[in-house]
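Residue-level structural notes
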Amino acid sequence: MTGLIGVVAFDKVWNIGRFIKYGLLALQHRGKEKIDIYIGDGASLKKITIRGSDASRKLEDLELDRVKGWIGIGAISSTDSMESILISREGLQIAIIVDGHIRGMAREIGDRLMGKIDFKRDLPELFKEIITDHTGAFTLLMISNKGEMLAYRSYPGIKHLALGGYGFDLAIVSTETAPIEILGGEVKRSLYPGEAIYVAQDIFESIKTTNHTERTVCSFEYIYLARPDSEMDGVNIYEFRRELGELLGYRSRHKNIDIVVGIPDTAIPYAIGYSNATRKPIEYGFVATGQKIRTIATSDPRERIIGIQLKLNPIKKIYRDRNIALIDDSLVSGETLRNTIKIIRNKAGAREIHVVIGSPKIKYHCPYGVNLPSQENLLSSKATDDEARKYIEADTVTWLTTEDIEELFKRYNLAPCLGCFTGKYPLKVG
Amino acid sequence: MKVAIIGEGAREHAIALMLQQSSRDPKIYNIATYRNPGLLRVAERSGGKVIAYRDLNPEIALHIANEISPDLIIVGPEEYQFKGYVDLLKSHGFPVFGATRALAEIEKSKVYMRSLMERYRIPGRVRYSAFKDLDEALDHIKRSGDVVLKPARQAGGKGVKVISDFQEYLKESKREARIEHAREIVANIMASYRDIDYKILIEERLEGVEYTIMTITDGSTVLPLPVIQDHPHAFEMDLGPETGGMGSIQGPGYLLPFITSAEYEESISIIRKTIDALQKDVGELYTGVLSAQMMITSQYGPTVIEYYSRFGDPEVSNLLPILETDILELFEYAVDRKLSKAKIEIREDIATVVKAIAPRGYPGNRSIATDHPIKVDEKEIDRLGCYTLYSGVYIDDSGNMLTTGSRALEVSCYGDSIEEASQKANLALNHVESLDGWRFFYRRDIGSKTLLSKRIEQAELARKVYRYRRENDLLYRSL
């Protein structure tokens, strides 16, 4: 998974390195092992690359403002779904970052653009011409050494890109809206599927590459991936999760539950919703140690276990002899829940543990770049409901259905991609 | 009756069109630095003409006035007021509508404006510091946070830098940008002006929603016009650099949906107090227009951002479809100091939207925006019920219409609602054609529901805060 950020200053007095840096740090919940940054000053482009499990920590220490420039793009990622490339030809340089799933796309788009560029036609015109040949679930950021930025969200919008501004001085694009606010900016809107935004110091254009207007968005983004302080296509992520939690709560009002506990951090909004609906008190169940680690966004399995254990030290007293509704956003491999239940049952003395999952059963891999384990490692794929329940050692397990998710998206006039739940993918996988 | 307008922009074109509607059929003369195609047509139709001199100065204007012998002269642009056109023409007995050099100081020197408001304790003032020396200004900038940098003098709207400063982790970058900008103000913007000592004005940054209130005064009576809102960002969705204004919205009626009548009244009272203070300070009576660029701020409520000693552009063009009063009468009453007899009447059943179209390169890189040929299908624009107002275009010797690098022209449209007027303006601007393929831009979103509801939301936010601050007696106080 990947987070993208792009910044253009309308005035050359700016040095935007810090904006790129903090923009990327605000996206590190999406992955943080691979960082590519390009910064330009209207004459040339510079590349900064950071790799390794401590990449985001290295970024924190990096004094990016030393690289002078007023235009830049960056990506922070956990997978190879992110590609970036810098191409130079006859005094022209373009840097492209793609968050997608088709190998070699950044290079191919770059080469095609470079092959066509002449002095008569400008970048947006050429881009519009070539991009219709490239379908898939991807977002793209591009800058040139002439000080232009192009941001693109492919149709039908499975990956998200938002546009924001900072006063009279900056245009900001980002995978999520939260980084725009963290940079002090104002969120304008999500890009339309198939829309390219072209920004330079003297121009702003929205380029439509399709006449279709439907949006199909990644449901996993809403359920797990995005920050709860982000908005996507008009949906407040926190509210979305809380509403799903409420739905689960209404359905299990009959259950004999004493307290509601959410697994931090993602499941907390679900737990709040669940508690609202069941009128059972929510408790603060776990305390984390050290840096926050998102279990899916970490590719090293050992790191993942360490992550789970460090972030879930229980406040034992609240569990003793209680019936617990334990809320999590998703059940992937089952590792997190298995570990968590072991702690609160064996060590803290909970009586019954009713697991409530804020998503349908994840049974299939994601071809669009969400790092789900392969099918044989997805608990819901290989096990029956009861086997899954027994594997994690819960008293009951409740999931949402795909219809529940579709229903909620429908209220926002959106159609979701439910591929990881159904195995039916809205786009061909190239 | 003969009326001469000095100036060559869309503002003067709008004034000319309103004069043309006068029941007294004045002959309209235009004294200008170049031939604005719109003014040219109005003048010729009325039996007057355009007299254009590239190096126009007050003496040349006086000479021309002596030849025409107009019954009324209107000095439109601020720079002409700063240069003393009004003073010279008045001293030779001409009736002139427009601020004298001393009174126009309220616009020319942003430092004077702030100090006047401070000295007379006029509400709607802000905290500020003014500097004659760059190093002193830089010293101050290094120590201060959330501030606005302005050139000390009105410089055609250029050079204002608003940098919100809340995030500690970005502070250093913002400080550097401010320092860089302060250097540019002194080196580029202020360097060409010899008529002011101050270089840089630093004000506290305000948050809220901006609007303009234009007033006509004879020194004792102040007649307010409706609230109009300009859109300074170059690009859609309020993105991009600050311009002279890409369009403005008004109506229906005197208010806009984001402002309360109490705030409108309060704003007018601020303007009245400013006029009183200014006249006292200068020792002259004000004849002309005083426009206030204001903001409903979370800090103070209605607050003055800037004053203009003339009609706002593009705001004046919003008056075209709505003004029912004979503007010539208003001007004459003002000049004769009998404005108390006049009343401003407007059509309150319609809303108006003005939109400007500009060549790519405006406002940051005007050299590439210059001399591009355009064609305007005015008949089609007329058919939509819109007015065409020429601004940054001139007619060359072979009759081609070419850009000057600024906003090329404006359309002023009306409708039952702001949204409807906005849609008409978008249609109207489709009839402007670039003849050499150069890109032109305008803002389709001005007057849209989305933008307007955003303003309402911002104003409500600011209102909540300033009311809290007033109730708790927190204005102009620090611990």
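Residues numbered from 1 in each chain as written. Chains lettered and ligands numbered in written order. Predicted model: local features only at pLDDT ≥ 70, side-chain atom pairs only at ≥ 80, totals over all residues.

When helices and strands are tallied, chain B shows 14 helices and 24 strands. Taken against the 2.2 N^0.38 rule, which gives 23 Å for 479 residues, the C-alpha radius of gyration of chain B at 22 Å falls within 12% of a compact globule. With the principal axes as the frame, chain B shows a C-alpha extent of 65 × 50 × 45 Å. Counting across all 479 residues of chain B, residues that qualify as buried make up 54%. Restricting to contacts in chain B with at least 6 residues of sequence separation, those with at least 24 account for 70%. (Helix = DSSP H or I, 4+ residues; strand = E, 2+ residues; numbered from the N terminus. Rg over C-alpha atoms; globule rule 2.2 N^0.38 Å. Buried ≥ 20, exposed ≤ 12 C-beta atoms within 10 Å, placed from the backbone. Contact = placed C-beta atoms within 7 Å.)

This part covers helix α7 (residues 110-119) of chain B. Residues three or four positions apart in an α-helix share a direction because the helix packs 3.6 residues into each turn. All names here are of chain B. Extensive coverage of α7 is indicated by the burial of 7 of its 10 residues. Taken together, the buried positions of α7 are occupied by Lys110, Val111, Tyr112, Met113, Arg114, Leu116 and Met117. Buried residues belonging to α7 abut α6 (105-108), β6 (128-131), β7 (147-151), β9 (200-204), α10 (261-282) and β16 (301-308). Just past α7, the residue arginine 121 takes up positive phi, approximately 50 degrees.

Bringing unusual backbone geometry into the picture now. Cis peptide bonds are those with omega within 30 degrees of zero, and the linkage from Gly251(B) to Pro252(B) qualifies with -10 degrees. The omega torsion of the bond from Asp313(B) to Pro314(B) falls at 20 degrees, within 30 degrees of zero and hence cis. Structurally, Pro314(B) is set in the loop between β16 and α11 (327-335). The residue Asp233(A) is not glycine, and still its phi comes out positive at about 45 degrees. Residue position: Asp233(A) is located in the loop between β15 (231-232) and β16 (235-236). Residue Asp233(A) is classed as buried on the basis of its C-beta count, with 20 C-beta atoms lying within 10 Å. You will see that Asn413(A), though not glycine, has its phi angle at about 60 degrees, which is positive. As for its placement among the helices and strands, Asn413(A) is situated in the loop between α13 (402-411) and β24 (415-417).

With that settled, the discussion passes to the domain arrangement of chain A. All names here are of chain A. Each assigned domain of chain A is listed with its residue range as follows: domain 1 (2-214) and domain 2 (237-413). For domain 1 and domain 2, the distance between their C-alpha centroids amounts to 34 Å. In this complex, domain 1 contributes 13 residues to the contact, which on the side of domain 2 involves 9 residues. Among the residues making up the side of domain 1 that touches domain 2, the classes are represented as 2 nonpolar, 8 polar and 3 charged. (Domains from an automatic or database assignment. Nonpolar A, V, L, I, M, F, W, Y, C, P; charged D, E, K, R; others polar.)

Moving on, we get to the interface of chain B and chain A. For interface size, the figure often reported is the accessible area lost on association. Each partner contributes residues to the interface: chain B has 28 residues there, and chain A has 21 residues. Broken down by secondary-structure element, the contributors of at least two residues to the side of chain B that touches chain A are α9 (171-189), β12 (233-235) and β13 (239-242) of chain B. Among the elements that make up the side of chain B that touches chain A, the one with the highest residue count is α9(B) (6 residues). Among the residues making up the side of chain B that touches chain A, the classes are represented as 11 nonpolar, 9 polar and 8 charged.

All names here are of chain A. With respect to the element layout, glutamate 60 can be found in helix α2 (residues 55-61). The exposure class of glutamate 60 is partly exposed, given the 13 C-beta atoms found within 10 Å. As a C-alpha pair, glutamate 60 and leucine 113 span 53 residues in sequence and 34 Å in three-dimensional space.

Residue and element names in this part refer to chain B. One open sheet accounts for 5 strands, arranged β3-β2-β1-β4-β5; its pairing is parallel. Of all the strands in the sheet, the pair left with one neighbour each is β3 (50-52) and β5 (96-97). The pairing of strand β2 (residues 27-32) with β3 spans 3 bridges and is parallel. Of the residues in β3, the one forming a bridge with asparagine 30 is valine 50. (Pairing = 2+ DSSP bridges.)

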